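Next come the chains, spelled out residue by residue.
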Amino acid sequence: MNGPRLAGERLALRPITPADLPSIVRWRNRPEVRRNIPNQPLLTLPAQKKWYKRYLEDPSQVRFVLDAAEFGPIGVFGLTDLERDEGYARLGIVIGEPKARGKGLAREALELLLDFGFRKWKTGSPRGLHRVTAEVFDFNEPAIALYRKVGFKDEGRLRGAHWDAGKRRFSDVLVLGLLREAWLRRRSVKP
Ligand SMILES: CC(C)(COP(=O)(O)OP(=O)(O)OC[C@H]1O[C@@H](n2cnc3c(N)ncnc32)[C@H](O)[C@@H]1OP(=O)(O)O)[C@@H](O)C(=O)NCCC(=O)NCCS
């Protein structure tokens with residue numbers, strides 16, 4: 001399901017259009033992106049077009065293209081696996097253009113996305129999202145640092161839960177979580 005346009009200072013999160021699908025395939029097929037995302041097969045454009053049709057009808061996820069003033073479209077962020085009654089969702093983030101990484105754009109995008117999820121997304125539960133979960137491989141230092149920076153707390157370590165095919169070894173999966181109350185406190189907004 002596509003969401004609204006969310007405008008920030010240096011980028012906007014906007015709905016995915018059919019014209020974005022070739023870029024999304026290219027971003028998600030990059031080796032450093034595939035290595036950091038669970039069960040990520042090589043994508044093809046025909047498969048992505050089929051996925052897009054299903055996605056538009058799927059109320060359990062909302063995804064956005066990141067459109068940066070400096071670079072144009074640079075990646076996709078989304079909230080998935082929505083549990084409507086409880087207000088739980090999972091986070092997915094990819095900056096697909098290497099030149100756009102390390103400039104604070106992921107942080108700005110994540111703050112826009114979380115604010116949307118906790119305060120504006122009509123989930124069916126009375127107050128919108130209650131909790132957002134992020135799962136990340138233990139070697140993905142940029143993502144772990146970013147999640148902690150926006151307020152996620154470390155909640156657990158699933159030992160040996162991921163087979164790192166490139167390095168031919170098992171690695172741990174870290175579970176991080178962020179609750180609505182904590183987000184609103186950070187933002188100084190009344191619950
Ligand atoms: C994770 C990812 C989204 C970060 O994007 P980014 O644009 O580089 O992040 P930002 O520039 O907004 O940085 C925000 C914070 O992340 C951390 N960070 C970013 N790059 C880092 C790096 N190379 N090493 C350590 N920390 C890093 C820092 O804490 C940084 O804050 P700071 O600039 O104040 O130090 C990006 O690297 C990416 O898309 N990676 C591939 C896909 C992926 O791993 N997705 C997450 C799966 S769980």
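Engineer: Let's hear about unusual backbone geometry: which residues, and what values?
Structural biologist: In this structure, Asp 81 is a non-glycine residue whose phi angle is positive, near 50°. Residue placement: Asp 81 occurs in strand β4 (residues 72-83). Overall, Asp 81 belongs to the exposed group, with 12 C-beta atoms counted inside 10 Å. Even without being a glycine, Arg 168 presents a positive backbone phi close to 50°. Considering the arrangement of structural elements, one finds Arg 168 in the loop between β7 (153-164) and β8 (169-179). C-beta crowding within 10 Å serves as the criterion here: with 7 such atoms nearby, Arg 168 is assigned to the exposed category.

Engineer: So what's going on with the pairing of strand β5 (residues 88-95)? Which residues, and what values?
Structural biologist: When β4 meets β5, the two strands line up antiparallel, connected through seven bridges. Residue pairing for β5: Phe 77 is matched across the bridge by Ile 93. In this antiparallel pair of consecutive strands, β4 and β5, the connection spans four residues, and Gly 87 shows a positive phi of 80°. Relative to strand β6 (residues 131-137), β5 runs parallel, the two being bridged by three bridges. Bridging across to β6, Ala 89 finds its partner in Val 132. In this fold, β5 hands off to helix α4 (residues 105-119), which returns the chain to β6; that crossover is right-handed.

Engineer: So what about the site of the ligand? Which residues, and what values?
Structural biologist: Lining the immediate environment of the ligand, one finds 22 residues, of which Asn 36, Ala 106, Pro 142, Ala 145 and Leu 146 sit closest. For the shell around the ligand, the leading source of residues is helix α5 (residues 141-149), giving six residues. Tallied by class, the residues present in the shell around the ligand amount to twelve nonpolar, four polar and six charged.

Engineer: Tell me about α4, and name the residues and values.
Structural biologist: In this model, α4 (15 residues) spans 21 Å end to end at C-alpha, consistent with the 21 Å of a helix rising 1.5 Å per residue. Of all the positions in α4, only Leu 105, Ala 106, Ala 109, Leu 110, Leu 112, Leu 113, Leu 114, Gly 117 and Phe 118 are classed as buried.

Engineer: Could you give an account of the nonpolar core, naming the residues involved and the relevant values?
Structural biologist: Within the largest apolar cluster, 39 residues are counted, with the highest numbers of intra-cluster contacts made by Leu 66, Val 76, Phe 77, Leu 105, Ala 109 and Leu 113. Taken together, the elements giving at least two residues each to this core come down to β2 (11-14), α1 (21-28), β3 (62-68), β4, β5, α4, β6 and β8. Of all the elements, α4 adds the most residues to this core, at eight residues. In this structure, Val 76 is in contact with Ile 24, Trp 27, Arg 63, Phe 64, Val 65, Leu 66 and Val 94, ignoring residues within four places of it in sequence.

Engineer: How would you sum up the sheet that holds β6? Please name residues and give values.
Structural biologist: Reading across the sheet, the eight strands line up as β1-β2-β3-β4-β5-β6-β8-β7 and stay open at both edges, with mixed pairing between neighbours. Edge positions in the sheet fall to β1 (6-7) and β7, since each of these pairs with one other strand and no more.

Engineer: Pulling in residues and values, what's your account of the environment of Ile 95?
Structural biologist: Tracing the sequence through the fold places Ile 95 in strand β5. Residue class for Ile 95 comes out buried when judged on the 23 C-beta atoms lying within 10 Å of it. Along the primary structure Ile 95 and Val 76 are separated by 19 residues, whereas in three dimensions their C-alpha atoms are 6.6 Å apart. With near-sequence residues (within four places) excluded, Ile 95 lies in contact with Ile 74, Gly 75, Ala 100, Arg 101, Leu 105 and Ala 106.

Engineer: Go over the pairing of β7, please, and point to the residues and values.
Structural biologist: Here is the key point about a regular strand: its side chains alternate between the two faces of the sheet. Sparse coverage of β7 is indicated by the burial of zero of its twelve residues. In this structure, β7 lies alongside β8, joined through eight bridges in antiparallel fashion. Bridge pairing in β8 links Gly 156 to Val 175. Adjacent in sequence and paired antiparallel, β7 and β8 are bridged by four residues, among which Arg 168 carries a positive phi angle near 50°.

About the criteria used
- Residues numbered from 1 in each chain as written.
- Predicted model: local features only at pLDDT ≥ 70, side-chain atom pairs only at ≥ 80, totals over all residues.
- Helix = DSSP H or I, 4+ residues; strand = E, 2+ residues; numbered from the N terminus.
- Buried ≥ 20, exposed ≤ 12 C-beta atoms within 10 Å, placed from the backbone.
- Pairing = 2+ DSSP bridges.
- Right-handed = clockwise from strand over helix to strand, strands pointing away.
- Near = placed C-beta within 6 Å.
- Nonpolar A, V, L, I, M, F, W, Y, C, P; charged D, E, K, R; others polar.
- Expected span 1.5 Å × (residues − 1).
- Core = buried A, V, L, I, M, F, W, Y, C linked by C-beta atoms within 7 Å.
- Contact = placed C-beta atoms within 7 Å.

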